[in-house]
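Report on the structure
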Amino acid sequence: MSLFIMLTLLVNFVIISRGFAALIPSDGKAGVYEDLKWTALLCCQMPLDQRVGSELSVTSGLLEHSSTERCQLLNASRPEPSSKLLTLSGNCLDILCMFEGEWSNLICSAKSHKAAVPAVNPQQLVLEMGVLSNATNHTTQCAGEDTATCSIPLHGNDATVSLSIGLSVNGTTALSPKLLINTHHLRTPDPPVNLHYNVTTEGEVIFRWSGTQPYSDTIRYEVRYSSNSSIHQWEMVKVRGHSWVALNELSSGIRYMVQVRCQNDLNYWSEWSQPFYFTLDVSYIPAEVFTTPGSNVTVYAVFHNRSWSASKAVWMLNGQVKIPESQYMVINERVSAVTLQATSPGFDSLMCCHPWGERFKCTIAYAKMYTEGRFNADISCQSKNSRVDTMTCEWNKSAWAEVRFLYRQYNSMCEDVLKMESIEDGEESLSSVKECPYGAGDHRECTLSDLSLFSCYKIWLEVEGGRGKVRSFPVYVAPIDYVKPSPPSDLEAITLPNKTLNVRWRRPLLPVYDMQYELRFIALRGMANMQWEVIGPFLEPQAEILLEKSCVQFKVEVRCKRLNGSGFWSDWSKSQPSVVYNRKAPEMGPDFWRIIQEDPVRNVTNVTLIFKSARAGDPNSCVEGMVIVHQVAGGAAWSNETSIVPFHSFQWRRETHTVTVMSRNSLGVSTWNSNITLSRRPKRRSVRSFSAGANASCVYLSWTLLSDQPRPQSFVIQWLDLNKDPEQNRSLTERMQWVRVQSAARDLSLCQRFYGSEEFTLYPVFVEGEGESVRCTATRGDPAAYMLLMIIAFLSIVLFITLMMSQNQMKKLMWKDIPNPNNCSWAKGMDFRQVN
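Computed from a predicted structure; not experimentally measured.

1. As for the state of the cysteines
Scanning the model with the defined rule gives nine disulfides in all. Shown here is the disulfide that connects Cys 436 with Cys 446, its sulfur atoms set 2.0 Å apart. Residues Cys 436 and Cys 446 share a disulfide whose torsion about the S-S bond is about 110°; that sign makes it right-handed. Here the residue Cys 436 occupies a position in the loop between strand 33 (434-435) and strand 34 (445-448), and Cys 446 occupies one in strand 34, the gap between them amounting to ten residues. Covalent S-S linkage joins Cys 698 and Cys 751, the inter-sulfur distance amounting to 1.9 Å. Residues Cys 698 and Cys 751 are joined by a disulfide whose S-S torsion is about 115°; by sign, that bridge is right-handed.

Listed below in structure tokens is the structure:
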């Protein structure tokens, strides 16, 4: 029996020893990483009899104790120890390590499987943990009987943690080998970052990313992409051994979302990366170019739209200037290139477009070209609204550039700063340079506040790219020299009877230096197509202006500027109408006539009053408006106040309706006024005849009255302007012409431009209303026919004179060729007068 027990013990010892020898790694690391945990099985061979030995103490380190027995690690298969194994080999411990919380602490625990033979003294476990790092030497210890748990802080960082375990049973101590735990394997890998893509000159799209793991074992990736942001239909691509993938099946004009995740050698997958969005239209190679003036630059454009052809590409500079086609190159069907010379420092954009009818279709993508040196940004600054501690600066730049607006303050005059910088000519100290508080970016304006009034500020722009920056020429400004004050206030204007416009105003409170002023005014009405008249400068906040006419109301505005030194004109003040000054009320009301139009649908009559332009009256009495008084049969009366208008309409519903129009101003209404009585009763016939004669420019009208009728108060002659100019598009009220004639007159000559056969209507006007009207038509020949007749008559006279002169000339020529008989020999001595 004893022999069988010895053989069994020997076999078990050999098996366990070979197992330990196979499972303990040579580098000291041990255990199994699984499900974000580190596990191991530690077995210690302990004696079965009681033996007196040293006790373990937590206060002292485990290395200070000498191990009387050996502990070995079983970490591959983690077998459950049988009672027979425990009886023969001793006690075993289950060891578990994992993260606690958000990767801030590592916690390890050891749980014992006790031997079958009970011990006289209780069992004691001691765990010691330490972080292996050059920066710290932090360790911790904990103890227990059947279970011991320890925790050590890691502050969220990866580390290698050492673990030592001591076991004391029946006074016998056993120490484990030093166990190493790599916390990197206890967490999922971080997702990849820096997702981006680039395009080759052959048109291939390469998508890239950067890994986040410090070890090279995260070499397996998955890439997913989708073109639908609401319902994701993912396309998956597996990648192994490199951090890029070719995505050549993407379509142009579609917005894609791409995500990447990685897997380490423990088969832990990371979370999906942050989504990366992009749209393929036109890609540029390179996307950014840094060059020097005079250098040649070549940029390639790849068309992802397969319907676009590189042979039809059109290159634009800064989105406005077309680059000559002689500078183009066609690489292949989808790739075009352009070569151009950088002329001046600054920033330029290059866009490759495609013909679209008579225009070009361009995408928002463009290549950036930075040319070294300083460029002119046309920076201008103003201190607005009298706040001299605030200054707004504007500049001109490419619409595609993203700029930084920088400035620096000097406690010196700008002239001294220029001299100082011309001597030093060094880089700006970053500590003294400030940037636009709101960021310039795509804007072209920046407002600086809390400025010193007399300090000098150096201001410039910087355009930054991925590999450098270009800078504008600086400007040097002092806020005191660039103030745009607030406009003057409390403006008062009076038109005086002596043809004077008197204006007063109040200057702005800030800035406090002396001001100069300019004033502009324009007539409110009665002067069509008039322009503002500007006068100045004035040194005092008041002005007197001589006018050509009195009783004219003007609209007045004022602005101001620094008197001595530089600065800007303020905005014009709010418009203020002048008050017309009167010494008495008007004496006479306006003359007027009426147009009557029937409205059978509503069974009413519309009456429109037409007013003559105000007559020049007393300069001490100006007309500011009118009062229209209505009175109907039965005594009912009402009135309307209006400004000076050319027309006024109302509805006539009663039989007898009297209208009186009076002129008014601030002191009262006129006393001598005209009126019209409208009546539906039969009208009195008083005109016997009415005739008209006309020539090319004038119409002559004459009439006679019946002898048995009273004489009217006046006559009104009315006609319609026949000008059919379509550009004027005048209404009937505007085309109606009329003139009032005194009661004693019996004829009238109208000389103006007429356009054909006008019909004239004569109205006799009595006290009780209008009399019966009469009509006549003034017919004139066509002026062109008269002109043609005169031309024919003139040509006939010229022809007659020409014929007469030609006949006399012919007689002279004919008789010149007949010889004189007195000069012939045979005719000498003959008297031709006696010849029969």
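There's more to say after this.
2. Describing the packing of aromatic side chains
Within this structure, the stated rule accounts for 23 aromatic pairs. Both rings, one in Phe 207 and one in Trp 209, keep their centres 6.4 Å apart while their planes meet at 40°; by these two values the pair is tilted. The same class applies to Phe 207 and to Trp 209, which are both buried. Members of the aromatic cluster, joined through ring pairs, are Tyr 197, Phe 207, Trp 209, Tyr 221, Tyr 225, Tyr 256, Phe 276 and Phe 278. Here Arg 684 stacks its cationic end above the ring of Phe 766, 4.8 Å away from the centre of that ring.

3. Observations regarding the sheet that holds strand 17 (residues 255-263)
What the four strands build is an open sheet, ordered 15-14-17-18; its pairing is antiparallel. Each edge of the open sheet is held by one strand with a lone partner, namely strand 15 (235-240) and strand 18 (276-279). When the angles between neighbouring strand axes are averaged without regard to direction, this sheet yields 25°. Strand direction decides the pairing type here: strand 14 (residues 220-226) and strand 17, joined by seven bridges, are antiparallel. When the bridges of strand 17 are listed, Ser 226 appears paired with Met 257.

4. What to know about the confidence of the model for the protein chain
The predicted model of the protein chain averages 81 in pLDDT, with 81% of residues at 70 or higher. Within the protein chain, no element has a lower average pLDDT than helix 1 (residues 2-23), which sits at 34, and none a higher one than strand 40 (residues 500-506), at 95. In this model residues 63-68 is a low-confidence stretch, pLDDT under 50, and it forms eleven contacts with partners more than four residues away in sequence or in other chains. Note that residues 76-89 has pLDDT below 50 and, in this model, 27 contacts with residues that lie over four places away or in other chains.

5. Observations regarding the pairing of strand 49 (residues 625-632)
Within strand 49, six of the eight residues are buried, which leaves it mostly tucked inside the rest of the structure. Note: strand 49 against strand 52 (residues 656-665), eight bridges, orientation antiparallel. Paired with Ile 628 across the two strands is Val 661, which belongs to strand 52. When strand 49 meets strand 50 (residues 637-642), the two strands line up antiparallel, connected through six bridges. Bridge assignment links Ile 628 to a residue of strand 50, and that residue is Asn 640. Taking the residues that link successive antiparallel strands as the turn, the strand 49-strand 50 hairpin has four residues, and the phi of Gly 634 there is positive, at about 105°.

Criteria and cut-off values
Residues numbered from 1 in each chain as written. Predicted model: local features only at pLDDT ≥ 70, side-chain atom pairs only at ≥ 80, totals over all residues. Heavy atoms only, no water. Disulfide = S-S within 2.5 Å. Helix = DSSP H or I, 4+ residues; strand = E, 2+ residues; numbered from the N terminus. Phe/Tyr/Trp six-rings, centres within 6.5 Å; stacked < 30°, edge-to-face > 60°. Buried < 20%, exposed > 50% of the residue type's maximum accessible area, 1.4 Å probe, protein only. Lys NZ or Arg CZ within 6 Å of the ring centre and 35° of its normal. Pairing = 2+ DSSP bridges. Axes fitted to C-alpha atoms, helices over the stretch in contact; angles between N-to-C directions. pLDDT = per-residue confidence, 0-100. Contact = heavy atoms within 4.5 Å.

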